[in-house]
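Geometric and topological summary
Read off the chains here:
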Amino acid sequence: MSFVGVNIGALTVKVVTLRGDARSARVVAHQGRPLEVLSGLIAEPEFADAGYFGVSGHLGHIPEVAAIQRALRETDGGFDAVVSLGGESFLVYILADGKIAHVLSHNKCAAGSGEFFVQQIGRMGLDVEEAIRRSFNGHVVPLASRCSVHCKSDITHKLNRKEASPDDILRTLHDSMANKVIALLEKAQRELRRVLLIGGVTRNAAMLAAFREKLPATGFVTLPESPWFEAWGCALLTRDEPRHPSPKISRQPGLGSLPPLHRYAGRVQVIAAPQRQAPADGPLVLGVDAGSTTTKAILLDPETQGVVASHYRHTRGDPVAATRECLRALVAQVGNRPVGLTGTTGSARELLGAYFGTAHVYNEISAQAAGATHFDADVDTIFEIGGQDSKFILLRNGVPVDYAMNNACSAGTGSFLEESAQGDLGLTVSDIADVALAATSPVHVKATCAAFINSDIRLAQQQGHSRDDIVAGLVYAIAGNYLTRVKGPRALGKKVFLQGGVALNRAVGHAFAHSVDRPVVIPPSPELLGALGVGLLALERAGALGASTDLLSLAAPEMKLVGQFTCRACKLFCSVDRFEVAGRRFPFGGRCSLYENVWKRKSRAAAAPDLVEQRADLVFGDTRRFLSPPPRREPAKRSRRQRVEQALEDARSCSWRSPSDAPTAMRPPARPASVFRGR
Ligand code: SF4
C-alpha cells in the first residue's frame, strides 16, 4: 500500500507517493483544470495501490504550514527560514527552533510572481529555459515593477523605444522577483544565515543566482525535494495518520452569473468591409500603427482613399523589425509598389517616424478618430481597445474633444483577455469569441484588476464552472473594467464605435452592448483603423505626395544604434541615443521633444507654419500694435540651439553611456542640493 500526498498549486499539481522506503514524485501543469489533472493522474497504474491521500493547496484539507512543518522534520534542519516560491505568490516562513513561528506574505498582487514572469516571456516568444539562459546576458534596467500592470506597460515601452534589450528585461524580471522575496526576508528583522527554498521556481537558476548575489551572507539551500516539498509533507502526514482513502477536496462559495452574450447580437452592428481596391499605377500612401502588442501597416490609394493592401502582426518588442516584416508582407500582396507619403502612429510612432524620415507622426487619438470618421461622419464616441492600451474618445463634428486612456490599469485591454485565456484556460485568441458566445451562464467575475483576475478564474474552475462560462465572464470583465476605469464618469454619445484589435472578438461587442444599453458599431477591419487614420491624416496635412520610394527599399535598411551622448542643452542631462538608418544618422530619446524636432525638421519639405503667430493674428489682428513692446532682454550667452549643436558635436567623439562614465572634463556639473529643497 502507498500513501499519496497532493499539493494543488496555482499552476501545477504535485503528487508524492511513499511506498515503504521508496518515494516518487510527479509535477504536472494543470492549465486551470487541477481536478481533471489530479483524477487523470491517480487513475494511472502507478497509483493502483494508493491506500490513503492527503491534499493541500487551494482545495485541500491539510494546511500548508502543517505540510511544510512535517517535511522539515525529514531534513537535516538548521534553517532560519523557508521561502516558498510558487507560481502565484511568494511566502516566507520564519523558523524558531526548527518550527514555523511566523508567516510573511505580500499584499495580493501578481507583479513579480512566477506566473507573471511566465506571461511576460510568453509575450516575447521565449520558453522558460531560454528566458533563464538569456537573463544571464542582460543588465538590470529601471522598471516599474510594483504593479504587474505598470510593469507590463513599462516592458513594452522600453522594448519599443529601444531603451532595453529583451535580455535586460529578462534579467530585470528576475531581479524584481528576487527583490520581492528579499523584501519579505527583511521584514523578519533578524539575521537569516540559512534559508531553504521550496516551490516550482527553485528550478530557475537565474533566480537562485539573484538571491545569492543580493544577500551573499545568507546561505540559500535547495534540496532535491524542493519543487514538491509541500506534497511530500502531505504524504508524510498521511502516512503518520491515514484518514482519507480518496482525495478530500473542499468546496467554496459560488460565483454569480450574467446573461448569455448571444442575447445581445441584435444590438451589435457590423459595417461591411468595402471591396479591396486594385493598386493604382502611381505612388501610394503608407500608414503604420506600431502598437505595444501588434504592428499594422496599410497602403492607400491617394485618389480614392481606398485600401489597397494591409498587414497585421505581433510587435514582439521590436517595432522596427515588425514594421519591416509588414512591408514585405505588403509586397507579397500587391508587388513592390512606390510609396509617396508615410505616416506613423502607435506607441513606437516616434521611432518609426525617425526610421522612415517622415514628419507625419500623429498620436493614436487623432489617428483613431480619423479612421472612424472615414466610415461614418456622425460617430461621436469611440471605444478603442488594443493589446495594452485602451482609449475612450469623444468627438464633436468629427473632432476629438475629450479622451481618456488606461494610464493605470490593463484590466480593460486585450492582453488581459489573451493572457488569461491562454495562460489559465489553454485557449487561443481566435477561439475566445466562439467559446464565449456559446456560454449559457457566464460567470460574474468579481475582480476589477488584472492582477487579481487569475485568482478568480481559478476559483471559478475549482467551483466547477465550465470553461465557456468562465471565458464569457472574462469578456464581460473587459467591458466592465473598460467602462469603469477608462471611460469613467464621462457621458456617452449617441453613436458608439468599438475598434482596435479586441473588436475583432465578436463577443466583446456583445458585452459592451449589454453594458452601455445601446447599439455598438464595429467598423470594417477595426484593428487597422489607427493605420488607416494616420495614412489619411498624412495625406490631409501634406496636401500632396512627395518623392517616392518603393516598399522593399523602405524595408531594407537596418536600424543601428551607433552611439550615445548626454544632452547638455538643459540641466536634466538626458542620455540620448544616436541611430543610423541607410546612412542617415539621427538622435533619438531624451525627456523632451528636442531631438524629435531636430529630425522632423530635417524631413519636412517646407518650414512648418508658426501656429502661435497665426493664432495671435486671428485673435488680435492689428491691435497688437497698441500693446506695450516686450521688455528688452539681455542677449543670452549661447542660444538653446547653439547648446544643442554643441552637445551633438561633443557626442560625435563620445562612446560613454552615462554622464558618470564621461571623462571628467566632459561630465555635467553636479546638481546643486538646493534644487530639491522645499519639495
Ligand atoms: S533632451 Fe531635452 S530634457 Fe533632456 S537634457 Fe536635452 S533639452 Fe533637457
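Above this note sits the structure.
The paragraphs below set out a description of the structure included in this document. These figures come from a predicted structure and were not determined experimentally. (Residues numbered from 1 in each chain as written. Predicted model: local features only at pLDDT ≥ 70, side-chain atom pairs only at ≥ 80, totals over all residues.)

1. Here's the deal with the overall build of the protein chain
Looking only at helices and strands, the protein chain features 21 helices and 23 strands. Within the protein chain, counting contacts between residues at least 6 apart in sequence, those at least 24 apart form 73% of the total. (Helix = DSSP H or I, 4+ residues; strand = E, 2+ residues; numbered from the N terminus. Contact = placed C-beta atoms within 7 Å.)

2. Description of the sheet that holds strand 2 (residues 12-19)
Spatial ordering of the open sheet is given by 3-2-1-4, a layout of four strands whose pairing is mixed. Each having just a single partner strand, strand 3 (22-29) and strand 4 (50-57) make up the two edges of the open sheet. Strand-to-strand twist of the sheet, defined as the mean angle between neighbouring strand axes without regard to direction, takes the value 15°. In the sheet, strand 1 (residues 2-8) pairs with strand 4 via seven bridges, with the strands oriented parallel. By the bridge assignment for strand 4, F3 is matched with Y52. The strands touched by helix 1 (residues 34-42) within the sheet are strand 1, strand 2, strand 3 and strand 4, with strand 2 carrying the most contacts at an inclination of about 30°. Relative to strand 1, helix 8 (residues 229-240) is tilted by about 140°, and along the sheet it contacts strand 1, strand 2 and strand 4. (Pairing = 2+ DSSP bridges. Axes fitted to C-alpha atoms, helices over the stretch in contact; angles between N-to-C directions.)

3. Thoughts on the pairing of strand 7 (residues 99-105)
Sparse coverage of strand 7 is indicated by the burial of zero of its seven residues. Relative to strand 7, strand 6 (residues 90-96) runs antiparallel, the two being bridged by six bridges. For L91, the partnering residue across the bridge sits in strand 7 and is S105. Taking the residues between adjacent antiparallel strands as the criterion, strand 6 and strand 7 are bridged by two residues, where D97 takes a positive phi near 55°. (Buried ≥ 20, exposed ≤ 12 C-beta atoms within 10 Å, placed from the backbone.)

4. A closer look at the nonpolar core
With 104 residues, the main nonpolar core has A436, V471, V475 and I478 as its most contacted residues. With eleven residues, helix 15 (residues 467-487) is the single largest residue contributor to this core. Ignoring anything within four residues of it in the chain, the contact list for A436 reads L261, V471, A472, V475 and A507. One finds L38, I62, L192 and W228 within the second-largest nonpolar core, a separate group that totals 60 residues. (Core = buried A, V, L, I, M, F, W, Y, C linked by C-beta atoms within 7 Å.)

5. Describing helix 16 (residues 506-516)
Taking burial as the measure, the eleven residues of helix 16 include eight buried ones, the bulk of the element. Close packing links the buried residues of helix 16 with strand 10 (268-270), strand 15 (381-385), helix 13 (429-438), helix 15, strand 18 (496-499) and strand 19 (520-522). Positive backbone phi, at 55°, marks D517, one or two positions downstream of helix 16.

6. Details of the environment of F588
Following the sequence through the fold, F588 ends up in strand 23 (residues 584-589). C-beta crowding within 10 Å serves as the criterion here: with 21 such atoms nearby, F588 is assigned to the buried category. Residues F588 and L561, 27 residues apart in the sequence, show an inter-C-alpha distance of 9.8 Å. Not counting residues within four places of it along the chain, the set of residues in contact with F588 comprises L351, A354, V576, D577, F579 and Y595.

7. Examining unusual backbone geometry
Of note, D97 is a non-glycine position whose phi angle comes to about 55°, a positive value. As for its position among the elements, D97 is in the loop between strand 6 and strand 7.

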